[in-house]
Amino acid sequence: MNSTAIRRTTTQRHAFIHVILDHYTDRNIQIAFAFDAENLKRAQEIISHYPPQYKKAAVIPLLDLGQRQNKGWTSISVMNYVAKLLEMPPMRVYEEDLTPTTTKKVLDAFSKGVKPKPGPQSGRRTSENSAGLTNLTGKPYGPGEFCTPEFQ
C-alpha cells in the first residue's frame, strides 16, 4: 500500500482502517469485551473525575484499563466498549493513538504478515502524555523537607 491510500478523506481512511482491522480475528468486532466488575468500578471512578459534559476526556485512561484487562491489546471490541461507556462515536476512540505515519506502519506490517507490537504505536507505554512523562519524574520529597526549621 502506498501513502496516498492513507491520505484519503477522513471518512475513507477510517472506513479502510476498520475493514483492515476487522479482517484479523483478534481485532474482530464480534469478539465480546466488557470490563470485569473490578475494572468497571475503576472506570466509573475515573469518569467521576470529569464533569458530565467532559466525560469523554476519560477515553485514554479507560483504553489503558481495557488494554490491561485484555492482555496488553486494545482490540476493536475494547475501543467500541469504551466508546459506548463514554457515549461517544467509536471513530473518536479509534483515532486517539494512530497518525497517518503509524497507521501506514501498522498496515504495512499486516500486509507483510508481521504482527505489529501491541499497545500504543506512539512509543508511550501507558496513557502518559505524548511528549513523555511531565510530572512525578523525580524523587518525591519527604515530610518536612521544605518546611522552615521550626517545623522540621
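Asker: Help me out: how do you make sense of the packing of helix H3 (residues 37–47) against helix H4 (residues 59–69) in this one?
Answerer: The description of two helices packed together rests on the angle between their axes and the distance between the axes. Contact geometry for H3 and H4: axes closest at 10 Å, N-to-C directions at 170°. Considered as vectors, H3 and H4 are oriented roughly antiparallel to each other. Taken together, the residues of H4 that come into contact with H3 (itself represented by Asn39, Arg42, Ala43, Ile46 and Ile47) are Pro61, Leu62, Leu65 and Gln69. Considered class by class, the residues forming the contact of H3 with H4 number six nonpolar, two polar and one charged.

Asker: Before we go on, may I ask you to explain H4 in this structure?
Answerer: Side chains that are three or four residues apart share a direction in an α-helix, a result of its 3.6 residues per turn. When H4 is considered as a whole, its buried residues turn out to be Val59, Leu62, Leu63, Asp64, Leu65, Gly66 and Gln67. On its buried face, H4 is in contact with H3, helix H5 (76–86) and helix H6 (90–94). Immediately beyond the C-terminal end of H4, within one or two residues, lies lysine 71, with a positive phi of roughly 60°.

Asker: Sorry if this is basic, but what is going on with the pattern of salt bridges here?
Answerer: Working definition: two side chains of opposite charge can pair if their charged atoms are close together. A complete count under the given rule lists four salt bridges for this structure. A salt bridge links glutamate 87 to lysine 55; its shortest N-O distance comes to 2.9 Å. Here the residue glutamate 87 occupies a position in the loop between H5 and H6, and lysine 55 occupies one in the loop between H3 and H4, the gap between them amounting to 32 residues. Glutamate 87 gets classed as exposed once you look at its relative accessible area, which sits at 58%.

Cut-off values and rules
- Residues numbered from 1 in each chain as written.
- Predicted model: local features only at pLDDT ≥ 70, side-chain atom pairs only at ≥ 80, totals over all residues.
- Heavy atoms only, no water.
- Axes fitted to C-alpha atoms, helices over the stretch in contact; angles between N-to-C directions.
- Helix = DSSP H or I, 4+ residues; strand = E, 2+ residues; numbered from the N terminus.
- Parallel < 35°, antiparallel > 145°, perpendicular 65-115°, else oblique.
- Contact = heavy atoms within 4.5 Å.
- Nonpolar A, V, L, I, M, F, W, Y, C, P; charged D, E, K, R; others polar.
- Buried < 20%, exposed > 50% of the residue type's maximum accessible area, 1.4 Å probe, protein only.
- Salt bridge = Lys/Arg side-chain N within 4 Å of Asp/Glu carboxyl O.

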